[in-house]
Structure formats: C-alpha cells, structure tokens
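Letter by letter, the chains look like this.
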Amino acid sequence: MTSTNFTGQGTSNMEVPEPRIPGILMSSPTTTIRPTVPAKAIDSLAQPAVAATPTPRALPDTLRFPQKVSEPRTSQVQTAEIGSNQTCVLPKGLTFTGEAHYPCDVRIDGVVDGKITAEPDRTITVESDGKFKGSIKATNVRIEGSADGDITATGGLASFGSKSVCKGHITYGRLKIAEGADVEASMKKLAA
Amino acid sequence: MNTLKKPETATDPRLFPAAILQTQFTVLPKSATMKGDMAASEDLSIRLDGEYTGKIELGKAGSVHIANGAVVTTDMIIADFIYVEGTVNGKIHARKGMELSPTARVKGAIQYDIDLDMHPGARISGQINAPETILQNQI
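Every value quoted in this text rests on a predicted model; they were computed, and no experiment measured them.

## Comments concerning the overall build of chain B
When helices and strands are counted, chain B shows 1 helix and 10 strands. When the elements of chain B are put in sequence order from the N terminus, they spell out α-β-β-β-β-β-β-β-β-β-β. Taken over 139 residues, chain B has a buried fraction of 45%. Sequence separation of 24 or more characterises 17% of the internal contacts of chain B that already satisfy a separation of 6 or more.

Below you can see the structure in the form of structure tokens.
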C-alpha cells in the first residue's frame, strides 16, 4: 500500500515537474522575447557607452611623445634578422668593457676595452674614431684607429690604415701596413 | 587559460619614438653574445638582438631596444627610452618612456620617470616603480 502511495505520490510528483519544465521552457522564451524589446534599449544604452569609451581613449593625443603619422611605424625597416652579410656597429660615443662574440662583421667606432672575437671568415674593423684595448681575434682584422693589445688575424689579413696607431702583439696570415701607420708591435706570422 | 586573443607577434611601438627604430645601431646581432658593461655619454640608440650580460648606462638621453629573441641579464639598464620585446632579467630604468611589447618577458624591477606602456601579452614579474614626482611639460 505504501508502495502504491509512493508511486501515487511519485506520479503526482512527476506530473508536477513536467508542467514545470515546460513552464521553465515557456519562461525562457518569454525571457528571450522580453529582452528583444529591452535589448534595443540595452543596446541603445550600451552603444553610447561603447562609443563613449573610445573618446577618452584618444591616447595618441594624451601621449607626451607625439609621432609623425606619415612615418612608417613598423620595426621591419631594420629587420630583426641580422643577415650574415651585415655589419654590426659599436657606435661612436659608446664605451664597452667586457667580452663579446659576434657571428657577423664588426665595426668599432666607439671605445672598447676587452676581448672581441668573431666567427670564422669575419672581419673586425677598428675605425678611425675607434679606440681598442685588449684582444681581437678574427679571420680578418683591419685597424684604422687606435689599437692596443693582442691582434690576431687567424689565417687572414691584418691591415693597418695610414692613420692607425697600434701597440702590442700582432698575429697574422697576411699583413698590410699603409704608409704612415704607427705600428709598434711584435709580430708573428702564422703558418699558411 | 587566457581566452583572450593574444597577440604573440610583435606589434608596432606605441610609445617608443618610431624614428629611433630606423636610426638605432644594432650593437648586438642575433646569436652574438656580450658580457660586460656598456656606457655612453652621447645620445645613442642601441638595439640588442643577442645575449647580453652586464650593465648599460646611457647617461644622456639615448634609447635601448631589446628586440624579440634577445636575452638580457643586467644589474641596471638606464636610458631615456627603453623598448622591451625580448627577455630581461634585472633592473631597467627609463627616464622618459618604457614600453613593454606583447613578447616582453621581464623579471626584476622596472622604473620609469614619465610614461609606462604595457601591451597585453607582456609578462612581468617583479616590481614596478612609478615616478615619485609629478613632472610637467617635460619631454
């Protein structure tokens, strides 16, 4: 009897939820229908709010570093890939102390104190403004400015310009010293 | 997970003066390594693409661009403008503008004296120190 009562209650309970589910389903369409009318109002409210936010977001005006619009703003002008053919520069005015190793040609216009090496078949140049102290090791070394220390041109050309000032020790495969170069160094020729 | 569309590729700088990008010197190309201290008293624009360990002090003006792929470990980088696209461990101090691009990875202390611009996607761990005084009409 109890079981039948339970079933009876169960069925009655089952019957109750069934209308509830459609009721929920009905309520959801009503809610979906309802928003259609308020949605416009919400949109109409939201759109000005969206439109309102960009106006204070006129950041370029507020930035204190105005940039010309005509100028290309891409960083691709100087490509991120430094090709193996390209030269890297230690510019004039820069002082570097320490060690460096390069995969490319190097031009020294600044002041360098330390050790600079390059991959095989690369050239390190100390330009006329450049001052170097320490050790250079590369296949080719060209000095136009001032150099003091170990200069090693492994198998390649060690070249000294007419205004170069050089002290120290030079190791070379081939040597070129221009007229007027001030070279005062011990030298050693590498076996070819 | 961050469901926001993440611009992982490098974007154009917003704060960093675009003109510098064309005039800067690539001091350290890709796959090059440098260990030591760098200093300059002139207005220099420096770009780093490789691996750098040490200090960079640009005393007067100057800018440092740490490009995408560069790894910099430093006690201190100080310049007027600093544009980070790569990885920095250490302290960086921009006297004018500091820009951290979407690919920037910074661990350490950031200090800026006028403006900071951080793009979405930049990953910063550490301290950020704002300017302590209000500087007006200064560029």
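## Observations concerning the pairing of strand 8 (residues 105-112) of chain B
Residue and element names in this part refer to chain B. Here 6 bridges tie strand 7 (residues 87-100) to strand 8, and the two strands are oriented parallel to one another. From the neighbouring strand, His 93 faces strand 8, where its bridge partner is Gln 111. Examined bridge by bridge, strand 8 and strand 10 (residues 123-129) share 7 bridges and lie parallel to one another. What sits directly across from Val 106, in strand 10, is Ile 124.

## Describing the pairing of strand 10 (residues 165-172) of chain A
Residue and element names in this part refer to chain A. In terms of strand pairing, strand 8 (residues 146-153) meets strand 10 through 7 bridges, oriented parallel. What sits directly across from Ser 146, in strand 10, is Val 165. Across 8 bridges, strand 10 lies against strand 12 (residues 182-189) in parallel orientation. Across the sheet, residue Cys 166 finds its bridge partner in strand 12, namely Val 183.

## Comments concerning the nonpolar core
Residues and elements named next belong to chain B. Among the nonpolar cores identified, the biggest contains 65 residues, and Leu 48, Ile 66 and Ile 82 are the most heavily contacted of them. Residue contributions to this core peak at 8 residues, all from strand 6 (residues 71-84). In this view, Ile 82 contacts Ser 63, Val 64, Ile 77, Ile 92, Ala 94 and Met 98; residues no more than four positions away in its chain are not counted.

## Notes on the confidence of the model for chain A
When the pLDDT values of chain A are averaged, the result is 72; 55% of them are 70 or greater. Every residue in residues 66-84 of chain A is under pLDDT 50, and counting partners more than four places away or in other chains gives 27 contacts.

The rules behind each value
- Residues numbered from 1 in each chain as written.
- Chains lettered and ligands numbered in written order.
- Predicted model: local features only at pLDDT ≥ 70, side-chain atom pairs only at ≥ 80, totals over all residues.
- Helix = DSSP H or I, 4+ residues; strand = E, 2+ residues; numbered from the N terminus.
- Buried ≥ 20, exposed ≤ 12 C-beta atoms within 10 Å, placed from the backbone.
- Contact = placed C-beta atoms within 7 Å.
- Pairing = 2+ DSSP bridges.
- Core = buried A, V, L, I, M, F, W, Y, C linked by C-beta atoms within 7 Å.
- pLDDT = per-residue confidence, 0-100.

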